[in-house]
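For reference, the chains in residue letters:
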Amino acid sequence: MGGGDVDPEDEWTAIAGTSVSFEEFEELAGPLVQGGPPPAVGVPAIARAPMIIDSDIGGDPDDTVALVVAARLVPELRLVVTSDEYGGERARFARYLLDLVGRTDVRVVAGSDLGNSRMWVVDGLCPGEVPRQGTDVVGAVSELCEATDGRIRWVGIGPLSNLATLQAERPELVSQLAVTQMGGAINYRDPSRAEHNFRVDPDAAIRMVPALEPWLPTFVVSDVTFNPAMEITRDSPLYKRWAQPDARPFEWVLREHCDRWMAKYPGTMQHDALALAAAMLWPGVRFVRERVALDSIARMTRSDDGTEIVMSVSADYSAFMSWLDIAFS
């Protein structure tokens with residue numbers, strides 16, 4: 001299209017979307033965005049794309065919160081794959097939760113098993129009759145990709161192990177994924193080690209961050225997610241809702257999961273639910289394009305010669321907690 005043939009609807013979508021994602025465009029785009037879209041502009045196609053969640057559910061309850069929210073708010077959720085597996089139990093627990101929320105249509109596949117067991121606190125919460133789930137992650141992703149015209153949203157809320165497996169075995173599948181990954185940190189709270197999702201499988205992170213660059217992956221980093229403003233504790237309204245006598249079955253599971261976690265930690269910060277919100281194009285997370293590099297243990301730093309990513313820089317925590325509250329209404 002020539003310079004004189006710009007479609008005003010396309011122009012509004014592009015500028016409004018940029019202002020949502022990138023802080024430096026907000027002032028420039030303000031008058032146009034506040035004026036609203038032309039009548040014919042609809043929801044961006046990626047917001048309606050099928051979704052895959054890759055989760056190490058069963059440790060910190062933020063994975064459980066994120067999965068329940070996705071099950072309730074994302075009708076396009078098609079597949080859940082588990083990472084850092086615990087003998088297939090993470091997949092069984094995910095299956096149980098999805099069934100409780102009424103999403104029997106969502107497939108669950110047990111993914112990478114890294115031999116870690118320290119982040120598992122829900123033993124016995126999943127009834128014995130819940131069957132073991134399949135283990136063919138590559139096959140499940142391939143089936144969904146073949147059935148989909150266009151991109152698929154991949155929401156990574158665990159280590160990048162399954163992505164690394166896809167890249168090694170079927171790299172053409174990775175090219176179809178629009179990746180939003182919770183992980184990495186520029187100023188991690190413990191400078192001697194990498195952020196958790198990178199640290200659990202550093203080789204996968206080191207391999208996949210540059211491998212994803214052609215499709216400009218989004219990283220919701222710990223610098224933004226590790227904030228007490230979005231921590232659920234026993235004093236939080238959400239926890240109190242889950243503890244009510246008339247709580248729904250999936251809320252009872254959430255409360256029990258939190259109780260087990262909070263026996264050791266004061267609360268659960270909602271790292272993964274914020275990453276899910278970003279993948280859903282919730283506008284309260286701000287991003288910049290950044291170039292980053294990973295060292296030999298997957299610690300992230302800014303680097304002019306590094307991989308270009310879209311990286312979170314801030315979030316409206318109060319608005320996010322309100323959004324989360326509404327998700328459980």
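Calculation rules
- Residues numbered from 1 in each chain as written.
- Predicted model: local features only at pLDDT ≥ 70, side-chain atom pairs only at ≥ 80, totals over all residues.
- Heavy atoms only, no water.
- Helix = DSSP H or I, 4+ residues; strand = E, 2+ residues; numbered from the N terminus.
- Buried < 20%, exposed > 50% of the residue type's maximum accessible area, 1.4 Å probe, protein only.
- Contact = heavy atoms within 4.5 Å.
- Expected span 1.5 Å × (residues − 1).
- Pairing = 2+ DSSP bridges.
- Right-handed = clockwise from strand over helix to strand, strands pointing away.
- Axes fitted to C-alpha atoms, helices over the stretch in contact; angles between N-to-C directions.
- Parallel < 35°, antiparallel > 145°, perpendicular 65-115°, else oblique.
- Left-handed = near helix turned anticlockwise from the far one by under 90°.
- Nonpolar A, V, L, I, M, F, W, Y, C, P; charged D, E, K, R; others polar.
- Salt bridge = Lys/Arg side-chain N within 4 Å of Asp/Glu carboxyl O.

Student: Any chance you could explain the overall build of the protein here in plain terms?
Tutor: Looking only at helices and strands, one finds 14 helices and eleven strands in the protein. Classification of the 329 residues of the protein by burial places 54% in the buried group. Within the protein, contacts between residues at least 6 apart in sequence are counted, and of these 79% link residues at least 24 apart.

Student: Sorry, what's going on with the side chain of Glu290 here?
Tutor: In this fold, Glu290 is placed in strand E9 (residues 285–294). The residues touching Glu290, leaving out its near neighbours within four places in the chain, are Arg302, Thr307, Glu308, Ile309 and Met311.

Student: Can you walk me through helix H4 (residues 89–101) in this structure?
Tutor: Quick reminder: α-helices carry 3.6 residues per turn. Residues three or four places apart thus point the same way. For H4, built from 13 residues, the straight-helix expectation of 18 Å at 1.5 Å per residue is met to within 8% by its first-to-last C-alpha distance of 19 Å. Most of H4 is tucked away, with ten of its 13 residues classed as buried. Buried residues of H4: Arg90, Ala91, Arg92, Phe93, Ala94, Arg95, Tyr96, Leu97, Leu98 and Val101, and no others. Buried residues along H4 sit against helix H3 (62–73), strand E2 (77–82), strand E3 (107–110) and helix H12 (249–262). Directly after H4, the chain includes Gly102, whose backbone phi takes a positive value near 90°.

Student: In this structure, what is going on with the pairing of E3? I would like to understand it.
Tutor: Working note: regular strand, side chains alternate between the two faces of the sheet. Two elements, E2 and E3, share four bridges in a ladder whose sense is parallel. The residue of E3 that forms the bridge with Leu79 is Arg107. Taking the sense of rotation as the criterion, the β-α-β connection linking E2, H4 and E3 turns out right-handed.

Student: What exactly am I supposed to notice about the packing of H3 against H4 here?
Tutor: Between two packed helices, the angle of one axis relative to the other and the distance separating the axes together describe the packing. Where H3 meets H4, the closest approach of the two axes is 10 Å, and the angle between their N-to-C directions is 40°. Accordingly, the angle class assigned to the pair H3 and H4 is oblique. The crossing of H3 and H4 is right-handed. Where H3 approaches H4, its residues Thr64, Leu67, Val68, Ala71 and Arg72 are matched on the opposing element by Phe93, Ala94, Leu97, Leu98 and Val101. By residue class, the composition of the contact of H3 with H4 is eight nonpolar, one polar and one charged.

Student: Mind showing me how you'd approach the pattern of salt bridges here?
Tutor: Between side chains of opposite charge, pairing is possible as soon as their charged atoms come close. Applying the stated criterion across every chain yields a total of 19 salt bridges. Note that Glu213 is salt-bridged to Arg291, the shortest N-O span being 3.3 Å. Placement of Glu213 in the loop between helix H9 (202–211) and strand E6 (218–220) and of Arg291 in strand E9 is noted, with a sequence separation of 78 residues between them. Glu213 sits in the partly exposed class, given a relative accessible area of 28%. The partner of Arg255 in a salt bridge is Asp259, with the nearest N and O atoms 2.9 Å apart. Placement of the pair is Arg255 and Asp259 together in helix H12, with a separation of four residues, close to one helical turn. Residue Arg255 is classed as buried on the basis of its relative accessible area of 18%. Counted as one network, the salt bridges with shared partners bring together Arg234, Arg255, Glu256, Asp259 and Arg260.

Student: What am I meant to see in the pairing of E2 here?
Tutor: Extensive coverage of E2 is indicated by the burial of five of its six residues. Pairing of strand E1 (residues 51–55) with E2, which is carried by five bridges, proceeds in the parallel orientation. What sits directly across from Met51, in E2, is Leu77. The handedness of the E1 to E2 crossover, carried by H3, is right-handed.

Student: I would appreciate a short explanation of the sheet that holds strand E10 (residues 300–302) in the present structure.
Tutor: Hydrogen bonding along the main chain pairs the strands of a sheet, whether they run parallel or antiparallel. Taken in spatial order, the nine strands of this open sheet run E3-E2-E1-E4-E5-E6-E11-E9-E10, and their pairing is mixed. Lying at the two open borders of the sheet, with one neighbouring strand each, are E3 and E10. The sheet shows a mean angle of 30° between the axes of neighbouring strands, direction not considered. Of the strands in this sheet, E2 and E3 touch H4, which is tilted by about 165° from E3. In the packing of helix H6 (residues 161–169) onto the sheet, the strands contacted are E1, E2, strand E4 (152–157) and strand E5 (177–182), and the crossing angle to E5 comes to about 150°.

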